[in-house]
Amino acid sequence: MRLVFLGTGTSYGVPQIGCGCRTCTSADARDRRTRSAALIESGGRRLLIDTPPELRLQLVAAGVGTVDAVLFTHAHADHVHGIDDLRAISVRQGAALDVYGAAETLTELARRFPYIFDHTPPHQGTSKPQLAARALEPDRETTIAGMAVRAVPLPHGRDTVLGFRIGSVAYLTDAKAVPEPARAQLTGLDVLVLNALLPRPHPLHLSIPEAVAAAQQIGARRTFLTHLTHDTPHAELAAHQLEPDRETTIAGMAVRAVPLPHGADTVLGFRVGAMAYLTDAKAVPEGARAQLAGLEVLVLNALLPRPHPLHLSIPEAVAAAQQIGARRTFLTHLTHDSPHAELAARLPPGIAPAYDGLVVELGAE
Ligand SMILES: [Zn+2]
Ligand SMILES: [Zn+2]
Ligand SMILES: [Zn+2]
């Protein structure tokens, strides 16, 4: 079985008309996101999921001239307004093409595109898409083009969309959530495709953090996010690798990665707003200190009362903390060398040893 992403963009597409943002002007080809659609191929047959406005461009780019059936997730414009491009396929095969969807989706398509579904023949010498509408039962499996397709209803604002499970692949787009009854139909997946809109919440769609949480609950071997906006350049969203000395938005928070020496290695400390967490550093050099101005809370590793080749000692950590000048500093990564109460008693004001379970509240959110 093979999954081909034809388009991975949200309803506006990326680049957006008239937008000059860094994603819309990116040189990275992966930042061009046409409206969402996919192909599932198995046994030499092919299912098309949705007919977005760029369908012709997508099928031409993929070198695909025929499909055996179409599955519609729902009738929103970004998923169906390329439906007329199916004409090339039905004309070439000389027979109607089966299109599947929830009964309400098919009704809406017939209302919006009466010329396709009104059972009248095309005018002499012209053509129109010949489509045979077939309603799918939710939460049931239907054999389509030799593949067992399970239709999984999912909430999308006030609407319901259909996700599709085909063997060990599931394609879920435009969902706001993946509720328990849907999850029960998504066990043992090899590949999950899940919509993820923005780093922040959206009323109709899973946000990126929500999609990540849902993906972890579903537990597919591999998950791919789709229906993405221009808010997140591909490389940045994909990066497990953080750029040193730069800020990256993660889970809605601006995270600055601060490289620090740790013997021959470099570790990353993290500044998130007015808080910084630096562990396993042997020093906090000037380049790092410059990124740590105005901290409310600093967490800093401190190993032993005496020097250590890889770590700040307690006196070195105190000196570094005083140079950095956070309002409060907590020492961590401690050894059995210093009992908490004893260490706490000999640290200067504003510097305290941390302990397991300590919660530090920051004034401003
Ligand atoms: Zn843009
Ligand atoms: Zn939608
Ligand atoms: Zn959509």
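Definitions and cut-offs
Within each chain, residue numbers correspond to sequence positions counted from 1 in written order. Whichever chain is written first is A, and whichever ligand is written first is 1; the rest continue in order. In keeping with the predicted nature of the model, local features appear solely for residues at pLDDT of at least 70, side-chain atom pairs appear and are counted solely at 80 or more, and the whole-chain, interface and lining totals rest on all residues. Domain ranges listed in this record stem from an automatic or a database domain assignment. Two residues form a contact once the distance between their C-beta atoms, set from the backbone, is within 7 Å. Each residue is assigned to one class: nonpolar for Ala, Val, Leu, Ile, Met, Phe, Trp, Tyr, Cys and Pro, charged for Asp, Glu, Lys and Arg, and polar for all the others, Gly among them. Pairing between two strands is assigned when DSSP locates at least 2 bridges connecting them. Put simply, DSSP marks the helices as runs of H or I at least four residues long and the strands as runs of E at least two long, and each gets a number from the N terminus on. Only the contacting stretch of a helix is used when fitting its axis, a line to C-alpha atoms as for every element, and angles between N-to-C directions run 0 to 180 degrees. Throughout this description, the term nonpolar core refers to a group of buried Ala, Val, Leu, Ile, Met, Phe, Trp, Tyr and Cys residues whose C-beta atoms join them within 7 Å. Exposed residues have 12 or fewer other C-beta atoms within 10 Å of their own C-beta, buried residues have 20 or more, and partly exposed residues fall in between, where C-beta atoms are placed from the backbone. This arc describes the spread of directions from the helix axis toward the C-beta atoms.

Draft legend 1. Local environment of the domain arrangement of the protein. Here the protein is partitioned into domain 1 (2-236) and domain 2 (243-353). When each unit is reduced to the centre of its C-alpha atoms, the spacing between domain 1 and domain 2 is 48 Å. Contact with domain 1, which involves four residues of that partner, is made by four residues of domain 2. Its residues placed into classes, the side of domain 1 that touches domain 2 shows two nonpolar, no polar and two charged.

Draft legend 2. Spatial organisation of the sheet that holds strand 16 (residues 275-278). Spatially, seven strands are ordered 13-14-15-16-17-18-19 in an open sheet, and the strand pairing comes out mixed. At either end of the open sheet lies a strand with only one pairing partner, and these are strand 13 (247-250) and strand 19 (351-353). Strand-to-strand twist across the sheet, computed as the mean angle between neighbouring axes with direction ignored, equals 25°. Of the strand pairs in this sheet, strand 13 and strand 14 (residues 253-262) are connected by four bridges, and their pairing is antiparallel. Paired with Ile250 across the strands is Met253, a residue of strand 14.

Draft legend 3. Layout of the nonpolar core. By size, the foremost hydrophobic cluster in this structure holds 59 residues, and its most contacted members are Ile49, Val70, Phe164, Ala170 and Leu194. The element that contributes the greatest number of residues to this core is strand 8 (residues 147-156), accounting for five residues. With 22 residues, the next largest nonpolar core counts Val258, Ala281, Ala302 and Ala321 among its residues.

Draft legend 4. Seen up close, helix 7 (residues 208-218). Those residues of helix 7 not exposed but buried are Ile208, Glu210, Ala211, Ala214 and Ala215. Buried residues along helix 7 cover an arc of 155° about the axis, so they all sit on one side. Summarising the geometry of helix 7, the exposed residues directed more than 90 degrees from the buried face are Gln216 and Gln217. Contacts made by the buried residues of helix 7 are with strand 11 (191-195) and strand 12 (222-226). Positive phi shows up at Gly219, right after helix 7, with a value of about 75°.

Draft legend 5. Layout of unusual backbone geometry. Residues Val14 and Pro15 are joined by a peptide bond in cis, for which omega reads 0°. Looking at the secondary structure, you find Pro15 in the loop between strand 1 (2-7) and strand 2 (37-42). We note that Asp139 has phi near 60°; this positive angle belongs to a residue other than glycine. Asp139 gets classed as partly exposed once you count the C-beta atoms within 10 Å, which come to 13. In this structure, His333 takes a positive phi of about 60° despite not being glycine.

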